[in-house]
Structures are given as C-alpha cells and as structure tokens.
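Examination of the molecular architecture
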Amino acid sequence: MRQHLFSHLDDLGPVALLKRAHHEAQAVLTAHLVMKTDVVEHDDDYTVTAELPGFDKDAITVKYTDDWLTLSADQGNGASQRDDDGRVLRRERQTNTLTRRFYFKNVVSQQIQAHYHDGLLTVTLPKKVTDDAGKIDVQ
C-alpha cells in the first residue's frame, strides 16, 4: 500500500505543470475571445479599442513599457458563495483576468491617453514626430 501511494508522487510534478500550462493557455484564448480589440494606425497616432463589457473602470490597467502596450482587466471575485439576497446556487459568469499585449514602436509614452466608456476602452498612443524638414529627395 505504501509503495503504491509513493509511486504516484512522480506523476504530481508533470501533472502540476500540465495543469498550469492548461490554465495559462486557457487565459490567453479567453482574452482573445472576450477582449475583442481593434488597432488602427493614423498618420500621427495609433488607436486601440477593446471591448470590456461588465468591467469596472477601476479593474482595468493600461501599461506601456519597452514598446509593449499591456491591457489587463480583472473581473470580480467569485469566492463569495452568498449574494445580497441569499446563497448562490449557480454561477455561470466566470471570474477571470484578461490580458492582451500589443507592440508599438516610436510612441510618445508621456502622452498616451486611455478612456473607458460604455464597455469600450480606447487607448490613444501618439507617434513620435520624425524630422524630415532637412531631407532632400534624390531624383
């Protein structure tokens, strides 16, 4: 019996790794399915618009570091088993954290603006101005 119990200890390491990999893969896929995002390039800026219905403004984080824009949203705490009116008998709305990353080069990071209204997060990333005033076209 004892040998039988210890024989499964070797399986716990790979199983734990597989479970963690499954959870991370599921989070990435869920973020792509739930946080639908449009990225538009204009002459002087980039505009990123992400759908985040049902999220509180305070639960949304926008970061720009090392040319990467990271959008994160944390939805609720599902640990509670009680509602205002009583016990929760069924919970179909998942509580999760969504994260999306986008690469933008030549952005003025001090002028990035983010607005959240009616379930849409809009981030505007102004481009750095390139000085072509002294450039002469070769013909």
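Residues numbered from 1 in each chain as written. Predicted model: local features only at pLDDT ≥ 70, side-chain atom pairs only at ≥ 80, totals over all residues. Heavy atoms only, no water.

1. Things to note about the sheet that holds strand S5 (residues 97-103)
Read from one edge of the open sheet, 3 strands run S3-S4-S5, paired in antiparallel fashion. A strand with exactly one partner marks an edge of an open sheet, and here the two such strands are strand S3 (60-65) and S5. Across the sheet, the mean angle separating the axes of adjacent strands is 15° when strand polarity is ignored. Here 6 bridges tie S3 to strand S4 (residues 68-74), and the two strands are oriented antiparallel to one another. If you follow Lys63 over to S4, its bridge partner there is Thr70. (Pairing = 2+ DSSP bridges. Helix = DSSP H or I, 4+ residues; strand = E, 2+ residues; numbered from the N terminus. Axes fitted to C-alpha atoms, helices over the stretch in contact; angles between N-to-C directions.)

2. A closer look at the packing of aromatic side chains
Per the stated rule, a full pass over the model turns up 2 aromatic pairs. Summarising the aromatic geometry, the rings of Tyr46 and Phe104 are spaced 4.8 Å apart at their centres and angled 45° between planes, so their arrangement reads as tilted. Taken together, the residues Tyr46 in strand S2 (residues 45-51) and Phe104 in the loop between S5 and strand S6 (113-117) connect sequence positions 58 residues apart. One exposure class covers both Tyr46 and Phe104, and it is buried. If you follow Arg101 out to its NZ or CZ, it ends over the ring of Trp68, 4.5 Å from the centre. (Phe/Tyr/Trp six-rings, centres within 6.5 Å; stacked < 30°, edge-to-face > 60°. Buried < 20%, exposed > 50% of the residue type's maximum accessible area, 1.4 Å probe, protein only. Lys NZ or Arg CZ within 6 Å of the ring centre and 35° of its normal.)

3. Describing the confidence of the model for the protein
In this model, the protein carries a mean pLDDT of 80, and residues with pLDDT of at least 70 account for 71%. Mean pLDDT values over the elements of the protein span from 54, in helix H1 (residues 2-7), up to 97, in strand S7 (residues 120-126). (pLDDT = per-residue confidence, 0-100.)

4. What to know about the sheet that holds S6
The 4 strands are arranged S1-S2-S7-S6 in an open sheet whose pairing can be described as antiparallel. One side of each edge strand has no neighbouring strand; the edge strands of this open sheet are strand S1 (37-41) and S6. The sheet shows a mean angle of 15° between the axes of neighbouring strands, taken without regard to direction. Two elements, S2 and S7, share 7 bridges in a ladder whose sense is antiparallel. Paired with Glu51 across the strands is Leu120, a residue of S7.

5. Here we look at unusual backbone geometry
Within the chain, Asp67 stands out as a residue other than glycine whose phi angle is a positive 70°. With respect to the helices and strands, Asp67 occurs in the loop between S3 and S4. Located in the positive-phi region is Asp118, a residue other than glycine, with phi close to 55°. Along the chain, Asp118 turns up in the loop between S6 and S7. You can call Asp118 exposed: its relative accessible area is 69%.

6. Structural notes on the nonpolar core
Most often, soluble globular proteins have nonpolar side chains that are buried together. Ranked by size, the top nonpolar core spans 18 residues in total, and within it Val48, Leu52, Leu69, Leu71, Phe104 and Leu125 carry the most contacts. For this core, the elements supplying multiple residues, two or more each, are S2, S3, S4, S5 and S7. Look past the residues within four positions of Leu52 in its chain and what remains in contact with it is Met35, Ile60, Ala73, Leu98, Tyr116, Gly119 and Leu121. (Core = buried A, V, L, I, M, F, W, Y, C linked by side-chain atoms within 4.5 Å. Contact = heavy atoms within 4.5 Å.)

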